[in-house]
Amino acid sequence: FLLIAGLTGALLAWYEPLDAVFAPAMHSLTPPSADAAPLDPLALRERVLASHPEVQINFLALQLAPGKPLRMNPLARPNAEGDEVAELANNQWFIDPYSGDIVAKREWGDISQGLKNLMPFVYRLHYTLALGTIGRYAFGIIALLWTLDCFIGAYLTFPPRRRRRVKATNTKTWWQRWQPAWRIRWRSNPYKINFDLHRAGGLWPWAMLLVVAWSSVAFNLSEVYQPVMRTLLAHQAQGDDLPTLARPRTRPEIDFNDALRIGRQLMGQQARLKGFKVDHEQLLYYQADRGIYTYRVHSSLDVNEEYGSTQVLFDGNSGELLLSWLPSGAASGDTLTNWIETLHMAAIWGWPLRVFMSLLGIAVAMLSVTGVVIWWRK
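None of these values were measured; they are calculated from a predicted model.

Undergrad: Can you break down the overall build of the protein residue by residue, with the values?
TA: Helix and strand content of the protein: 13 helices and 10 strands. Seen through its principal axes, the protein has C-alpha atoms that stretch 85 × 45 × 45 Å. Out of the 378 residues belonging to the protein, those deemed buried represent 44%. Looking at the protein alone, contacts between residues at least 24 apart form 58% of all its contacts between residues at least 6 apart. Element-wise, carbon and sulfur atoms account for 61% of the exposed surface of the protein, whose accessible area totals about 20,700 Å². Here the protein carries 37 positive and 32 negative side-chain charges, and the mean point of each set is 21 Å from the other.

Undergrad: How would you explain the nonpolar core if you had to name every residue and give the values?
TA: Formed by 32 residues in total, the largest nonpolar core has its most connected members in L60, M72, F256, L284, Y293, Y295 and F314. Of all the secondary structure elements, the ones that give two or more residues to this core are α3 (41-51), β2 (59-61), β3 (70-72), β5 (92-95), α11 (256-274), β7 (278-287), β8 (292-299) and β9 (310-315). Among the elements that make up this core, the one with the highest residue count is α11 (seven residues). The contact partners of F314, leaving out residues within four places of it in the chain, are A259, I262, G263, L266, I292, Y293, Y295, G319, E320, L321 and L322. Counting 26 residues, the second largest nonpolar core, distinct from the first, contains C150, V217, M229 and A346.

Undergrad: Pulling in residues and values, what's your account of the pattern of salt bridges?
TA: Counting across every chain of the model gives 10 salt bridges. Of the charged contacts in the structure, one is a salt bridge between D196 and R199, with a shortest N-O distance of 3.6 Å. A residue pair is termed a helical-turn pair when its members lie 3 or 4 positions apart in one helix, as D196 and R199 do in helix α8 (residues 190-203) at three residues. As a salt-bridge pair, D289 and R290 come within 3.8 Å of each other at their nearest N and O atoms. We classify D289 as partly exposed; its relative accessible area is 34%. With relative accessibility at 13%, the residue R290 sits in the buried group. Each member of the salt-bridge network shares a partner with another, and the members are R185, D196 and R199.

Undergrad: I'd like a description of the pairing of β9, backed by residues and values.
TA: Among the six residues that make up β9, six are buried, leaving the element largely enclosed by the rest of the structure. Here β8 pairs with β9 via six bridges, running antiparallel. Across the sheet, residue Y293 finds its bridge partner in β9, namely F314. A loop of five residues connects β9 with strand β10 (residues 321-325), the two strands running antiparallel in sequence, and G319 in this loop sits at a positive phi of about 80°.

Undergrad: Let's hear about the side chain of T8: which residues, and what values?
TA: Relative to the assigned elements, T8 resides in helix α1 (residues 2-12). Side-chain polar atoms of T8 contact the backbone oxygen of I4, separated by 2.7 Å. A distance of 3.3 Å separates a polar atom in the side chain of T8 from the backbone oxygen of A5. Aside from chain neighbours lying at most four places away, what touches T8 is V122, L125 and H126.

Undergrad: Could you give an account of the packing of aromatic side chains, with specific residues and numbers?
TA: Going through the model one piece at a time under the given rule, you end up with 20 aromatic pairs. Centre to centre, the rings of W214 and Y225 are 5.1 Å apart; their planes meet at 45°, and the pair counts as tilted. A residue pair is termed long-range when its members are at least 10 positions apart, and W214 in helix α9 (residues 206-220) and Y225 in helix α10 (residues 222-232) qualify at 11 residues. Side by side, W214 and Y225 carry an identical accessibility label, which is buried. Among the aromatic residues, ring-to-ring pairing joins Y155, F158, W174, W175, W178, W182 and W204 into one connected group. The side chain of K105 reaches across the aromatic face of W93, ending 4.5 Å from its centre.

Undergrad: Account for the packing of α9 against helix α13 (residues 350-377), naming residues and giving values.
TA: The contact between α9 and α13 brings their axes to 11 Å, and the two run at 85°. Regarding the angle of α9 to α13, the classification is roughly perpendicular. From α9, M208, L209 and V212 reach across to α13, where they touch F356, M357, L360, V364 and L367. Partitioning the contact of α9 with α13 into residue classes produces eight nonpolar, no polar and no charged.

Undergrad: Could you give an account of the environment of W214, with specific residues and numbers?
TA: Given a relative accessible area of 18%, W214 falls into the buried group. Sequence separation of W214 and H344 is 130 residues, and the distance between their C-alpha atoms is 9.6 Å. Not counting residues up to four positions away in its chain, the partners in contact with W214 are L144, T147, Y225, V228, M229 and I340.

Undergrad: Hey, could you go over a nonpolar patch on the surface for me, with residue numbers and the actual values?
TA: Nonpolar side chains collect at one region of the surface, where I141, L145, L148, I152, Y155, L156, F158, W174 and W175 lie side by side and expose about 990 Å² of accessible area between them. Among the structural elements, Y155 can be located in helix α5 (residues 132-156). For Y155, a relative accessible area of 57% translates into the label exposed.

What counts and how
Residues numbered from 1 in each chain as written. Predicted model: local features only at pLDDT ≥ 70, side-chain atom pairs only at ≥ 80, totals over all residues. Heavy atoms only, no water. Helix = DSSP H or I, 4+ residues; strand = E, 2+ residues; numbered from the N terminus. Buried < 20%, exposed > 50% of the residue type's maximum accessible area, 1.4 Å probe, protein only. Contact = heavy atoms within 4.5 Å. Areas by Shrake-Rupley, 256 points an atom, 1.4 Å probe, with all protein chains shown as cover. Lys, Arg positive; Asp, Glu negative; His and termini not counted. Charge placed at Lys NZ, Arg CZ, Asp CG, Glu CD. Core = buried A, V, L, I, M, F, W, Y, C linked by side-chain atoms within 4.5 Å. Salt bridge = Lys/Arg side-chain N within 4 Å of Asp/Glu carboxyl O. Pairing = 2+ DSSP bridges. Polar contact = N/O pair within 3.5 Å; in protein donor to acceptor, adjacent residues only side chain to side chain. Phe/Tyr/Trp six-rings, centres within 6.5 Å; stacked < 30°, edge-to-face > 60°. Lys NZ or Arg CZ within 6 Å of the ring centre and 35° of its normal. Axes fitted to C-alpha atoms, helices over the stretch in contact; angles between N-to-C directions. Parallel < 35°, antiparallel > 145°, perpendicular 65-115°, else oblique. Nonpolar A, V, L, I, M, F, W, Y, C, P; charged D, E, K, R; others polar. Patch = residues over 30% accessible without salt bridge, like charges linked within 9 Å, V, L, I, M, F, W, Y side chains within 5 Å.

So, in C-alpha cells, the structure goes:
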C-alpha cells in the first residue's frame, strides 16, 4: 500500500503540469482574437444548459484562468418526478470561455479513455488503489496503522537502557548514544546499509511523515479522524452537519444568478464581521440532498495557495445563512486540519515544497522496501 502511495504521491505533487502534458486540450486554448473577452461563468453555464437540456450543472467554478477552458461537472437531469436517471458517459466537460462550446470531455480517472486520464488514474491509485469505496477504507486503515507506526518506529531507534555496571564505564549521554541511528554506514555490508536507510530514512523526515500519515486518515477515514480531533480540539459546524431532506430538492426557488448575488452579500458581511479579506471567488455549488448553496472564496484566512475554502452556506429557497466556515483562526481543530491537508497536497510555498514532497514520496517507497527486507531477514 505505502509503496504505491509513495510513488504515486511523488507524481501527484506535480498533478496540474503533468495533466497538462497528457491532456493538453483540457488545460489550454487559443483565444479567437487578441482582444477577445471571455464570457461570465454564469453565462457559460446557461449556454451549456441551453444546448444540453439533458444535464444539470450544480457545481460552477467562478474563476476563469487566462488561456484555459472552464471545467464543469455535469450530472444527468432527473425527470419531473425526481427519479434517478442513467449516469453520463463523461463527468468532466471543458468549456471554451469565449464561445461556450465543449472542447474536451472525460470520465475522470477512467484509464480506458487513454492518456488524458493518466494523472486522474494515478490520483485514484494514490487515494483508493482504484478500488472505489473499498480501497478508500483500506487505505484509511493503513494510514491509521502508519500513524501509530510513526511513533513505534521512532521508539525502536532509541538507544537501549544501560545496565548499572555499564553506566559506570560508559559516560555517553542518551543523545550521544542515539546519534548513530541518524547515520548511514555506506561502507558496510548491504544488509547494514539497508537497515540504516530504513532507520535514518525514517528519522530525518519523521515530522512530515507523521503529517502525511495523519492527514491521510483525515482524507480516507473521517469516521476515525473527526471524532478524535473533535474530542481534542475545537471545530466549527460544517456542511455535513446540516440535515438531509426527505426528498432531494432538485429545483430550488433561488436560481444560480440570484444565488451568486446572495453568496457575495453574505460573504461580504462575514468578512466585515470576522475581519478577513476576500482575494477572489472560487466556486458556487448546489446540494440537492440538503437544499443548500455553498459559495466559496479564497481569502486571507486560507493556507492553501491554490484553492480557497472560506465559505458560506445558505438555504436554496429562502437565502437564509445557515453557517459560515473559515479555514483558519476560527477553531484550532480546523486550522490544524487545514494545515496538514495543505502540506499533504504540497499546495503552499511553491515548487520547493513540491520537490520536497516528491522526494518524501520516494522515501516512503524506499522505507516500504527496506522494511520488508529487514522483516524477511529476521
